[in-house]
Amino acid sequence: MIDTESLSCQELVELVTDYLEGALDERDLRAFDAHLAACDGCTEYLEQMRTTIRLVGTLNPKDLSKDAETVLLEAFRGWTRTS
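Residues numbered from 1 in each chain as written. Predicted model: local features only at pLDDT ≥ 70, side-chain atom pairs only at ≥ 80, totals over all residues. Heavy atoms only, no water.

Counting its secondary structure elements, the chain contains 4 helices and 0 strands. Listing each helix as α and each strand as β along the chain from the N terminus yields α-α-α-α. In terms of overall dimensions, the chain is more spread out than a globule: its C-alpha atoms have a radius of gyration of 16 Å, far above the 12 Å expected for 83 residues. When its C-alpha atoms are laid out on the principal axes, the chain stretches across 45 × 25 × 20 Å. A total of 83 residues make up the chain; the buried ones form 18% of that total. Of the contacts formed within the chain by residues at least 6 apart in sequence, a portion of 59% connects residues at least 24 apart. Positive and negative charge centroids in the chain, built from 8 and 17 side chains respectively, lie 8 Å apart. (Helix = DSSP H or I, 4+ residues; strand = E, 2+ residues; numbered from the N terminus. Rg over C-alpha atoms; globule rule 2.2 N^0.38 Å. Buried < 20%, exposed > 50% of the residue type's maximum accessible area, 1.4 Å probe, protein only. Contact = heavy atoms within 4.5 Å. Lys, Arg positive; Asp, Glu negative; His and termini not counted. Charge placed at Lys NZ, Arg CZ, Asp CG, Glu CD.)

Have a look at this one:
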């Protein structure tokens, strides 16, 4: 839970996945929505994330070249989600 009603842009970025999954509690959701209402940059970031999710969902693994697959696997090797 966020300690204050206001979020920094960095805090918003860290909460985007939970926001999109509907996993924020009521207080965090209010703070998130309030930040979006006042920050065009974060609103654009959220839309970019929604677009990325929509487009990635349409990809077929067969569409990736071997080089692209290698680059993606390297980029995410060792990645872990932090809480």
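Read on for the rest.
Throughout the structure, instances matching the rule amount to 3 salt bridges. Linking Glu-47 and Arg-50 is a salt bridge whose minimum nitrogen-to-oxygen distance equals 2.8 Å. Placement of both Glu-47 and Arg-50 in helix 3 (residues 40-56) is noted, with a separation of 3 residues, approximately one turn of the helix. Owing to a relative accessible area of 37%, Glu-47 belongs among the partly exposed residues under this scheme. In this structure, Glu-74 and Arg-77 form a salt bridge, with 2.4 Å as the shortest nitrogen-oxygen distance. (Salt bridge = Lys/Arg side-chain N within 4 Å of Asp/Glu carboxyl O.)

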